[in-house]
Amino acid sequence: MITRTNARLAADVDDAVVEPEQLRRATLASSVGSALEYYDFYIYGLASALIFGPLFFAPLGPEGALIASFATYGVGFAARPFGGLIFGYIGDRFGRKMVLILTIALMGTASFAIGLLPTFEQAGMLGAVLLVTLRIIQGLGAGAEQAGATTLISEVAPRRRRGFFASLPFVGIQLGTLLGAGTFALIAMADKDVLQGWLWRVPFLASFILIAVAIFIRLKLKETPAFQELEKHKNVIKNPIGALWKHSKKNVLLGIGLRMGENGNSSIYSALLVSFMSMPAGVFAGNNSIGPVGLLIAAGFAAVLVVTFGALSDKFGRVPVYRCGALFQAVIAVPAFYLVTLGNVTLVWVVMSVGIAIGVQSMLGPQCPLLPELFGSQYRFTGVAMSREISAVLAGGLAPLLGALMLAATNHSWLVLAIYSLVLALISFVTTFFTPETAGRDLVSTEDAK
């Protein structure tokens, strides 16, 4: 039974009682996991845009192969809510640490195995079937990875600087982006036959290194103070999923709405825009390196700005910073994607940097602490996972697939990208007016933010 109380408990995580060593380990463990997830995310997204079509779906023709390739990309997102449910339950029932070890192992092993797959030329449709299967496994693990990292660091960090510390692991996202985009920027310059012959496998096989490092670090973690308090007072509940839907449907919906502009635009800029530029009818047809280099530049700025916006949310509040970020993303949508069509490489890189490093990070920074702060401690992991992963399907997973379909239906009009970006950003902007301010909440509390 859920204890609904406003009373502060003795183990409240405040500046005076934070364990520096635990905070350091939690930050490092979360960052490495985020790096692996987004390394996988970007190499799969870029491979979907540039390589997987001809390798696994050649009989469908160029456009059909691209759509099928992005469909496998979307399948991973479709699996994420199920991973969020499964591992969210485990995290709220048995602890945050166990989940972080399980998810990184599952996600990394699937990524490594993708590098071993036979192509259509080697094994017909078997390669495509295995690709989809591994993408589902990858999605199950990723479905709780970021929720776990966000929950862990928020429950360990000092409340007055929770925005700053909760956004630090997301520097790992940018590190993963740098690694993934940098790898593809290099291999995209190789001879096409070499690239499609064996070189494309290298980025996936290399994920093994990150897996080993992440598991080693996470084995040394302690459980968070919030979960320790639940165990101490026998407040761990047997059915966190049921409790979440009974008490927190509104906050889950708010989390989904907030994520639409951030996650959707992240996918649009990082996968769909790259494909739009390099496809046969694109302004940089046949050039597979411009997009990855743009992502590389954008990730460098984003690594600094995600922490900046997280820290700003400590000073000005989560909701005001988030609202400004969503509005900014909406305002730049039409001019940004028009500029891409002018054929100037520098302008493309500026657009990608502004869209990802300012537009997306100005929402992601305050989002890092905001989502955990929305939920009570007994079902926080599940609540964060459901908010993140349902929105990941609706926004991030469908963005490249729907965008590819709409581009094909409109003769590759840039307005498709602009309107799509604008609508997603406006959904998040409107959602902020219904979202409670959560900065400084006691995360040991079993109550939701109201």
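Just so you know, these numbers come straight off a predicted model, no measurement behind them.

Cut-offs used in this document
- Residues numbered from 1 in each chain as written.
- Predicted model: local features only at pLDDT ≥ 70, side-chain atom pairs only at ≥ 80, totals over all residues.
- Heavy atoms only, no water.
- Helix = DSSP H or I, 4+ residues; strand = E, 2+ residues; numbered from the N terminus.
- Rg over C-alpha atoms; globule rule 2.2 N^0.38 Å.
- Areas by Shrake-Rupley, 256 points an atom, 1.4 Å probe, with all protein chains shown as cover.
- Lys, Arg positive; Asp, Glu negative; His and termini not counted.
- Charge placed at Lys NZ, Arg CZ, Asp CG, Glu CD.
- Salt bridge = Lys/Arg side-chain N within 4 Å of Asp/Glu carboxyl O.
- Axes fitted to C-alpha atoms, helices over the stretch in contact; angles between N-to-C directions.
- Parallel < 35°, antiparallel > 145°, perpendicular 65-115°, else oblique.
- Left-handed = near helix turned anticlockwise from the far one by under 90°.
- Nonpolar A, V, L, I, M, F, W, Y, C, P; charged D, E, K, R; others polar.
- Phe/Tyr/Trp six-rings, centres within 6.5 Å; stacked < 30°, edge-to-face > 60°.
- Buried < 20%, exposed > 50% of the residue type's maximum accessible area, 1.4 Å probe, protein only.
- Patch = residues over 30% accessible without salt bridge, like charges linked within 9 Å, V, L, I, M, F, W, Y side chains within 5 Å.
- Core = buried A, V, L, I, M, F, W, Y, C linked by side-chain atoms within 4.5 Å.
- Contact = heavy atoms within 4.5 Å.
- Arc of directions from axis to C-beta.
- Polar contact = N/O pair within 3.5 Å; in protein donor to acceptor, adjacent residues only side chain to side chain.
- Expected span 1.5 Å × (residues − 1).
- Bend = angle between axes of the 7 residues up to and from the residue.
- Disulfide = S-S within 2.5 Å.
- pLDDT = per-residue confidence, 0-100.

Our next topic: the overall build of the protein. Of regular secondary structure, the protein possesses 19 helices and zero strands. Over its C-alpha trace the protein gives a radius of gyration of 21 Å, about what one expects of a compact globule, namely 22 Å for 450 residues. Projected onto its principal axes, the C-alpha positions of the protein cover 65 × 45 × 35 Å. As displayed, the protein offers around 15,900 Å² of accessible surface, 71% of which is attributable to carbon and sulfur atoms. Across the protein, 32 positive and 25 negative side-chain charges occur, with their mean positions spaced 6 Å apart.

Counting across every chain of the model gives nine salt bridges. The closest approach of N and O atoms between D92 and R96, which form a salt bridge, is 2.9 Å. With a closest N to O distance of 2.9 Å, R162 and E373 form a salt bridge. With a gap of 211 residues between them, R162 in helix 7 (residues 162–167) and E373 in helix 17 (residues 345–374) connect regions that are remote in the sequence. Bridged by salt links that share partners, the residues D92, R96, E155 and R380 form one connected network.

As a further point, take the packing of helix 15 (residues 290–316) against helix 17. Packing of helix 15 against helix 17 brings their axes to within 7 Å, and their N-to-C directions diverge by 30 degrees. Considered as vectors, helix 15 and helix 17 are oriented roughly parallel to each other. The hand of the helix 15/helix 17 crossing is right-handed. Residues that form the contact of helix 15 with helix 17 fall into these classes: 20 nonpolar, eight polar and no charged.

With that settled, consider the packing of aromatic side chains. Under the defined criterion, the tally for this structure stands at five aromatic pairs. Note on F112 and F208: the rings are 6.1 Å apart at their centroids and 55 degrees apart in plane angle, and the pair reads as tilted. Of this pair, F112 sits in helix 4 (residues 96–114) while F208 is found in helix 11 (residues 207–218), placing the two residues 96 residues apart along the sequence. A residue is classified by how much of its surface remains accessible, and F112, at 30% relative accessible area, is partly exposed. A centroid spacing of 5.1 Å and a plane angle of 80 degrees characterise the contact between F164 and F165, whose relative ring orientation is edge-to-face.

This part takes up a nonpolar patch on the surface. On the surface, F112, L116, F208, I209 and V213 cluster together into a nonpolar patch covering about 490 Å² of accessible area. Top contributing element to the nonpolar patch by residue count: helix 11, with three residues. With respect to the helices, strands and loops of the structure, I209 is situated in helix 11.

With that settled, the discussion passes to the nonpolar core. Across soluble globular proteins, you tend to see nonpolar side chains buried next to one another. Judged by nonpolar contacts, the single largest core of 112 residues is most densely connected at F52, F56, I114 and L273. It is helix 1 (residues 20–50) that contributes the most residues to this core, 13 residues altogether. Beyond its immediate chain neighbours, meaning those up to four positions away, F56 contacts L117, P118, T119, F120, M125, G127, A128, L131 and W200.

Now for the side chain of S421. Structurally, S421 is set in helix 19 (residues 414–431). Classification of S421 as buried rests on a relative accessible area of 0%.

Okay, helix 13 (residues 240–247) next. Turning to helix 13, its buried residues are P240, A243 and L244. Along the axis of helix 13, the buried positions cluster into a sector of 105 degrees, meaning they face one direction only.

Our next topic: the side chain of T72. Take T72: it is sitting in helix 3 (residues 61–94). A polar atom in the side chain of T72 sits 2.6 Å from the backbone oxygen of S69. Apart from the residues within four sequence positions on either side, T72 is in contact with Y44, F57, L131, V132 and R135.

Mapped onto the fold, A166 is located in helix 7. Linking A166 and A311, residues 145 residues apart in sequence, is a C-alpha distance of 9.2 Å. Beyond its immediate sequence surroundings of up to four residues, A166 is in contact with I153, S154, C368 and P369.

At 3.6 residues per turn, the α-helix brings residues three or four places apart onto the same side. Across its 23 residues, helix 16 (residues 318–340) extends 32 Å between first and last C-alpha, which sits within 8% of the 33 Å expected from 1.5 Å per residue. Roughly 45 degrees is the biggest bend found in helix 16, and it falls at A333, with proline P335 one to four residues downstream.

As a further point, take the state of the cysteines. Within the structure shown, the criterion is met by zero disulfides. C324 takes part in no disulfide bond, and the closest cysteine sulfur, belonging to C368, lies 17 Å away. For C368, a relative accessible area of 1% gives the class buried.

Our next topic: the confidence of the model for the protein. On average, residues of the protein score 84 in pLDDT, and 92% of them reach the 70 mark or higher. When mean pLDDT is compared element by element in the protein, helix 16 scores highest at 96, while helix 9 (residues 192–199) scores lowest at 72. In the predicted structure, residues 1–13 sits below a pLDDT of 50 and forms 40 contacts with residues beyond four places in sequence or in another chain.

What follows covers unusual backbone geometry. Not every positive phi belongs to a glycine, and K234 is a case in point at roughly 55 degrees. Along the chain, K234 falls in the loop between helix 12 (225–232) and helix 13. Of the residues examined, K234 reaches a relative accessible area of 74% and is grouped as exposed.

Our focus in this paragraph is the environment of N239. Mapped onto the fold, N239 is located in the loop between helix 12 and helix 13. Distance in space between the C-alpha atoms of N239 and R93 is 7.9 Å, their sequence separation being 146 residues.

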